[in-house]
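Per-entry structural report
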Amino acid sequence: MTTPFVDAPIFTRSRALRPTGKVLPEHARSHNRSLVLQTLYSAGPQSRADVARETGLTRVTVSDLVADLIGEGLIVELGQREIARPGKPAMLIDVDRAAFQIIGIDLSEHERFLGAIVDLDGGIVSRAEVALDGATGEAAAALVDTLVAGLVASATAPVLGIGVGSPGIVDPNGVIRSAPNLGWQGLDLQSRLHDAFGLPVHIGNDANVAVLAEHGASTNDDLLLVKVGHGVGAGLIIAGRPVIGGGFAAGEIGHVIVGTDGGPRCACGKSGCLETWLAVPRLTAELDAVDDGEHAASAREAILTEAGRRLGIVLAPVVGALNLSEVALSGPAELLDGPLARAAVDTLRTRTMAEHNRDLRLRMTEQAQDIVLRGAAVMVLSGQLGVS
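In this text the structure is predicted, and so the values were computed from the model without any measurement.

The rules behind these values
- Residues numbered from 1 in each chain as written.
- Predicted model: local features only at pLDDT ≥ 70, side-chain atom pairs only at ≥ 80, totals over all residues.
- Heavy atoms only, no water.
- Helix = DSSP H or I, 4+ residues; strand = E, 2+ residues; numbered from the N terminus.
- Buried < 20%, exposed > 50% of the residue type's maximum accessible area, 1.4 Å probe, protein only.
- Contact = heavy atoms within 4.5 Å.
- Areas by Shrake-Rupley, 256 points an atom, 1.4 Å probe, with all protein chains shown as cover.
- Phe/Tyr/Trp six-rings, centres within 6.5 Å; stacked < 30°, edge-to-face > 60°.
- Lys NZ or Arg CZ within 6 Å of the ring centre and 35° of its normal.
- Pairing = 2+ DSSP bridges.
- Axes fitted to C-alpha atoms, helices over the stretch in contact; angles between N-to-C directions.
- Parallel < 35°, antiparallel > 145°, perpendicular 65-115°, else oblique.
- Nonpolar A, V, L, I, M, F, W, Y, C, P; charged D, E, K, R; others polar.

Quick look at the overall build of the chain now. For the chain, the count of helices and strands is twelve helices and 17 strands. By principal-axis analysis of the C-alpha atoms, the chain measures approximately 80 × 50 × 40 Å. Out of the 388 residues belonging to the chain, those deemed buried represent 49%. Put simply, 64% of the contacts in the chain that link residues at least 6 apart link residues at least 24 apart. Summed over its atoms, the accessible surface of the chain is roughly 17400 Å², and 53% of this surface lies on carbon and sulfur atoms.

Written out as C-alpha cells, the structure reads:
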C-alpha cells in the first residue's frame, strides 16, 4: 500500500560522475544529448546560447538536440528571460521535472522491503513497503513483484524506469548472483521485472547504489560508504568513478572473516564473517539478550565497541591502500552512531600510518534511511538520461 508523501528535492545539488570511457564518434550524439540534459539538470533554466557556452557545443548542435528533447517531452520552454537591455530576450529552457517519475526499491532492510515513487527532481511522491517476515528464495522475489506493482499502479506520471538496490553480488545485467541472506542464487531480477512491467530496470548492489546518493552530497571524489542492514557491504567511488570490480563483488566486506578467533556461523557458510558481528539482525539480537541490571549499559556498550573494532579491522587495509580520507556509515543510527563508530575510527587510526590518516573522517550518512531509494533513482536517471 502506498502513502502520499511530500519531501524536499534531493538531487538539485548533485554532481556528475566522471565518464568511464572514451566517447566514440558513433556515440557522439548520445553523449551530447546527455551533456545538454546534465547541464540543464544541474544548473536549472538556461537559454540555448547558455547551454552552448557551458557545454562547448555549437549553437546549431544545441538547437537541434533541444528540438528533439522537447519532442520527447524531456525539455520544456519556460518563456522569455526578463532583461533590462535592448534586443529580443532569450527563451529559457529546462528539464521538465514533472514529465516522468521513477520507482526506487530498497531490498537491504532485514524486516521489510522499501519502495518509493520519486520525481525527476528527487522529491518523494509516495512510499510503500512490504514486510519480509523471514521470506527467502522465490517467496522473497514475489514480495518484490508485489511492491513494484503497487508503486507502478500509483504513479501519476509516466515511469522512466525502476531502480533496485539489492544485497549481494549483482552483475551488470541485473542478475543477483548471490544474496545469501535472501536465499537468492542466480536470480535474474532485471529480466523478471522488465517482463512483468515493460519498463527499463536498473539493479545494483545496495551499497554501490547507496554511494551514488552519498556522492552527490559529498565534496570528496574519493568516498567509501559502509551499508549496514540485513547484511554488510561497502560502496566505493574513486576519482569520481564507481568501483564494482572485475567479478562485480568490490565492497563485499560482509563476508570477510575478521580475526582468527572464530565467531558465529554466517549465512554464507563460514564462521566469523564481519556480518556476524555487525549486521542489524545479529547485533540487535545480541543487544536484546543482555539482562537488565546495573551492568546492562556497559555490557551493551561493550558489544557495540567490539562490533566497531571488527569493522575497523576490515576497513584499515582498504583505507590504507587507497589513502581514503572519508568513510560514511549507513544504517540504524542508534546502533552505529556512538560507541561503534568511535571504536571503528580508533581501530582505523591505530592500524594505519598516522601521518596518512590525520584527517580521516568517519561519519554517518547525510541521506538517512532513504539512501538506497535515492541511489536507485540516481541509477535510473543515469541509465536512461545520462544524468547524475
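Our focus in this paragraph is the environment of Arg309. With respect to the helices, strands and loops of the structure, Arg309 is situated in helix 9 (residues 296-322). Each C-alpha atom, one on Arg309 and one on Gly134, is 29 Å from the other, the two residues being 175 residues apart in sequence. For Arg309, the residues in contact, after removing those within four places along its chain, are Ala343, Ala344 and Thr347.

Backbone phi values are negative for most residues with the exception of glycine, while trans is the configuration of most peptide bonds. Backbone geometry at Ala239 places phi at a positive 55°, although glycine is not the residue there. For Ala239, the position within the fold is in the loop between strand 14 (232-238) and strand 15 (241-243). Judged by its relative accessible area of 33%, Ala239 is partly exposed. Of note in this structure, Asn323 is not a glycine but carries a positive phi near 55°. Position of Asn323 among the secondary structure elements: in the loop between helix 9 and strand 16 (326-330).

Further remarks concern the packing of aromatic side chains. For the structure shown, the criterion picks out zero aromatic pairs. Positioned above the aromatic ring of Trp277, the side-chain terminus of Arg310 is 3.8 Å from the ring centre.

Right, let's talk about helix 2 (residues 48-55) for a bit. Among the residues making up helix 2, those that are buried are Ala49, Asp50, Val51, Ala52 and Thr55. Note on helix 2: the residue one or two positions beyond its end, Gly56, has a positive phi of about 85°.

As summarised here, the arrangement of the five strands in space is 15-14-13-16-17, forming an open sheet in which the pairing is mixed. In the strand order of this sheet, the two ends are held by strand 15 and strand 17 (361-364), each with one partner. Geometrically, the sheet is characterised by an average inter-axis angle of 25° between neighbouring strands, direction not taken into account. Contacting strand 13 (223-228), strand 14 and strand 16, helix 9 runs over the sheet at an angle of about 160° to strand 13.

Moving on, we get to the packing of helix 1 (residues 28-43) against helix 2. Across the interface, helix 1 lies against helix 2 with an axial gap of 10 Å and an inter-helix angle of 110°. The angle between helix 1 and helix 2 places the two elements in the roughly perpendicular class. Packed against helix 1, whose contacting residues are Leu35, Val36, Thr39 and Leu40, the element helix 2 presents Val51, Glu54 and Thr55 at the interface. Among the residues forming the contact of helix 1 with helix 2, the class breakdown is four nonpolar, two polar and one charged.

Nothing here speaks to function; it is all geometry.
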